[in-house]
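Chain by chain, the residues run as shown.
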Amino acid sequence: MGLRAQHSNGFCLLQVEDSRIDAAGAIAFKEAVRQASEGGQDDVLLDLGAVDFIDSSGLGAVVAVMKALGPDRRLHLAGLRPAVAKVFRLTRMDSVFTIHATVADALKDAA
Amino acid sequence: MGLRAQHSNGFCLLQVEDSRIDAAGAIAFKEAVRQASEGGQDDVLLDLGAVDFIDSSGLGAVVAVMKALGPDRRLHLAGLRPAVAKVFRLTRMDSVFTIHATVADALKDAA
Amino acid sequence: MGKTVFSLSFTATPLAVRRGLLAFETYLAGLPIASERRDSICIVLAEALNNITEHAYPNATGPIWLRAQVQGHQFIATLRDRGAALPAGLLPQPGPGTGHSAPNPTDLPEGGFGWHLIRSLADGLDHARFAQWNELRIIFRNAVPSPPLP
Amino acid sequence: MGKTVFSLSFTATPLAVRRGLLAFETYLAGLPIASERRDSICIVLAEALNNITEHAYPNATGPIWLRAQVQGHQFIATLRDRGAALPAGLLPQPGPGTGHSAPNPTDLPEGGFGWHLIRSLADGLDHARFAQWNELRIIFRNAVPSPPLP
Ligand SMILES: Nc1ncnc2c1ncn2[C@@H]1O[C@H](COP(=O)(O)OP(=O)(O)O)[C@@H](O)[C@H]1O
Ligand SMILES: Nc1ncnc2c1ncn2[C@@H]1O[C@H](COP(=O)(O)OP(=O)(O)O)[C@@H](O)[C@H]1O
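Caption draft 1: Quick peek at the overall build of chain A. For chain A, the helix and strand inventory stands at 4 helices and 7 strands. N-terminal to C-terminal, the α/β element order of chain A is β-β-β-α-β-β-α-β-α-β-α. Sorting the 111 residues of chain A into buried and exposed places 53% on the buried side. When contacts within chain A are restricted to residue pairs at least 6 apart in sequence, those whose partners lie at least 24 apart make up 71%. Total accessible area on chain A stands at roughly 4,800 Å², and carbon and sulfur atoms take up 47% of it. Here chain A carries 12 positive and 14 negative side-chain charges, and the mean point of each set is 5 Å from the other.

Structure representation (structure tokens):
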């Protein structure tokens, strides 16, 4: 699971480098995010701009990641491509996350 | 057929923007190259860096392009990816064209 | 166009499902189906294949056979497996409001969305059990515009 | 892995061949075959499919059926069409030096390379005619390393 981490504007910005978050990769995804965000205090901003497909296992992994961050750190999502946005919308999980159109928007909102 | 044309170092540089030159696209390829190179005097440098597959119809189209340029303009090729290089090698057509590893090499050789 | 039939059989593992879906998506991209609709088809097939891997073959693995084709304006996918029979009641006609309901987002569920997505996006579902095989037929209506592109 | 079977049937047109090859390549990319070898397999299949489109169905079109699978260390592709019978003598055993020879590069040939590429890159070729169908089996030996990846 490719994940590029960087700190910016009070966010721990995690850019997913794989094109799919699916049943075959969900566990590795959770583990990679856990390692990359561990110890910090910043909200996490997950850049999904490179992800063109997510299934319900991937969605479950994103939820698990949010829970693992605990009550004091929020999980923001940005860059949802059409098929990914559709899965969040149909499961109404788009109401649970803070979703930004792009990473730039998220950073601007936070500034 | 996507083809981006540009003049540089005495070359008419044509960058193929499709990933395949195959039986379904060979005629459009010939026509696009003809239009882009027509009227000029410069040698033509065909950048195949974006092409990951060529079949024998595509190879035939490249030969046709060379013939259409006439005796005074040469056809140079650059950026052959592995599957494309293999087709030129197995048919020994790599002996017929001036093949450069990269476009930069071709321009440097000409300078 | 209407005569194109895709079929793939493979062993039910998450990685083989991913690879199978990638080949399927490449096939689908060549059909005259709107990209928004292609996304829906891929989501449904992913969930149906994951269900087979997880629930039809809970302890071991086994074969999956996927077949897809255009039929008039419809796009039809057929999945077969030799695993546990699909529980009765899991398969009402698709559409909102039927079948067991989707998990509540505020409970922060980590699973249970599979059939909800299938029912939301497919236009028709048919299950049959022949001998030791499940066969699930998934129908997407009006997926292919008229007249079909050449 | 060894149980993965890919199959696609479509109408013999250059565009359908391209789309079929794209789906096939995505399937192939999921198999444990070296990329250099995958290229060879794709080149051979492209030429064999183009030959069917151009020569087996010269005036009309018709169905093509492509099937591929791993068998032990071998990768085997089978092509069927309902077109003109393959001319005798076109199909010696593959390898350099057999069959009709490749065009001479200095003649600047624009065609005629198809069978040369097939013979150069395939390890075995088998043709049969059943009823009105051609069946061409193309064998790539030692394509899959031992032991196969999971
Ligand atoms: N193909 C199947 N074979 C047998 N049981 C199944 C199958 N698909 C789903 N089920 C059952 O239906 C339940 C709900 O499935 P689903 O909505 O996909 O959620 P989950 O995310 O748990 O897979 C599963 O927990 C399982 O018990
Ligand atoms: N599948 C086929 N059915 C019938 N005839 C064929 C077939 N494939 C090849 N041929 C014949 O063999 C000749 C050589 O084919 P090939 O080497 O592929 O060159 P070309 O580039 O002309 O297709 C063709 O011109 C054709 O007459």
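More follows now that the structure is in view.
Caption draft 2: How the structure looks around the site of ligand 1. Residues and elements named next belong to chain C. Ligand 1 sits among 13 residues. The nearest are Asn 51, His 55, Leu 86, Gly 112 and Trp 115. His 55 is positioned with one of its side-chain polar atoms (N or O) 2.7 Å from an oxygen atom of ligand 1. Separating an oxygen atom of ligand 1 from a backbone N or O atom of Gly 112 is a distance of 2.7 Å. Taken atom by atom, the bulk of ligand 1 overlaps the largest pocket. Those elements giving two or more residues to the shell around ligand 1 turn out to be helix H2 (35-56) and helix H3 (114-121). Looking at the shell around ligand 1, the element that brings in the most residues is H2, giving 4 residues. Counted by class, the shell around ligand 1 contains 7 nonpolar, 5 polar and 1 charged residues.

Caption draft 3: Structural view of the site of ligand 2. Residues and elements named next belong to chain D. Neighbouring ligand 2 are 13 residues, the closest being Asn 51, His 55, Gly 112, Gly 114 and Trp 115. His 55 is positioned such that a nitrogen or oxygen atom in its side chain is 2.7 Å from an oxygen atom of ligand 2. Within the backbone of Trp 115, an N or O atom sits 2.9 Å from an oxygen atom of ligand 2. In a pocket analysis with a 2 Å cut-off to the grid points, ligand 2 is assigned to the second largest pocket. Sorting the residues of the shell around ligand 2 by element identifies helix H2 (35-56) and helix H3 (114-121) as the ones contributing at least two each.

Caption draft 4: Broad picture of the layout of surface pockets. Roughly 670 Å³ of internal volume is contained in the largest pocket. Every residue lining the largest pocket is counted, 35 residues in all, and those nearest its centre are Glu 47, Asn 50, Asn 51, Glu 54 and His 55 of chain C. Elements with a contribution of two residues or more to the lining of the largest pocket: helix H1 (26-37) and helix H2 (56-69) of chain A together with H2, strand E3 (74-81), H3 and strand E5 (133-140) of chain C. Grouping the amino acids of the lining of the largest pocket by side-chain chemistry returns 17 nonpolar, 13 polar and 5 charged. Each pocket or cavity is described by its volume, and for the second largest pocket that value is around 490 Å³. In terms of lining, the second largest pocket is formed by 27 residues, of which the most central are Asn 50, Asn 51, Ile 52, His 55 and Trp 115 of chain D. Listing elements by their share of the lining of the second largest pocket, those giving two or more residues are helix H2 (56-69) of chain B together with H2, strand E3 (74-81), H3 and strand E5 (133-140) of chain D. Looking at the lining of the second largest pocket element by element, the count peaks at 8 residues for H2 of chain D.

Caption draft 5: Expanded view of the arrangement of the chains. Over all C-alpha pairs, chain B and chain C never come within contact, reaching a minimum spacing of 13 Å. With no contact between them, chain A and chain D keep their nearest C-alpha atoms 13 Å apart.

Caption draft 6: A look at the packing of aromatic side chains. Residue and element names in this part refer to chain D. Under the counting rule described, the total for this entry stands at 15 aromatic pairs over all chains. Seen in terms of ring centroids, Phe 24 and Tyr 27 are 5.8 Å apart; in terms of plane orientation they differ by 55 degrees. Their pairing is tilted. In this pair, Phe 24 and Tyr 27 both sit in helix H1 (residues 14-29), 3 residues apart, roughly one turn of the helix. Considered together, Phe 24 and Tyr 27 belong to a single accessibility category, that of buried residues.

What counts as what
Residues numbered from 1 in each chain as written. Chains lettered and ligands numbered in written order. Predicted model: local features only at pLDDT ≥ 70, side-chain atom pairs only at ≥ 80, totals over all residues. Heavy atoms only, no water. Helix = DSSP H or I, 4+ residues; strand = E, 2+ residues; numbered from the N terminus. Buried < 20%, exposed > 50% of the residue type's maximum accessible area, 1.4 Å probe, protein only. Contact = heavy atoms within 4.5 Å. Areas by Shrake-Rupley, 256 points an atom, 1.4 Å probe, with all protein chains shown as cover. Lys, Arg positive; Asp, Glu negative; His and termini not counted. Charge placed at Lys NZ, Arg CZ, Asp CG, Glu CD. Near = heavy atom within 4 Å. Polar contact = N/O pair within 3.5 Å; in protein donor to acceptor, adjacent residues only side chain to side chain. 1 Å grid on protein atoms, 1.4 Å probe; cavity = no way out; pocket = protein on both sides within 12 Å on 5 of 7 lines; lining within 4 Å. Sits in = over half its atoms within 2 Å of the grid points. Nonpolar A, V, L, I, M, F, W, Y, C, P; charged D, E, K, R; others polar. Points joined across faces, edges and corners; volume = space filled by probe spheres on them. Phe/Tyr/Trp six-rings, centres within 6.5 Å; stacked < 30°, edge-to-face > 60°.

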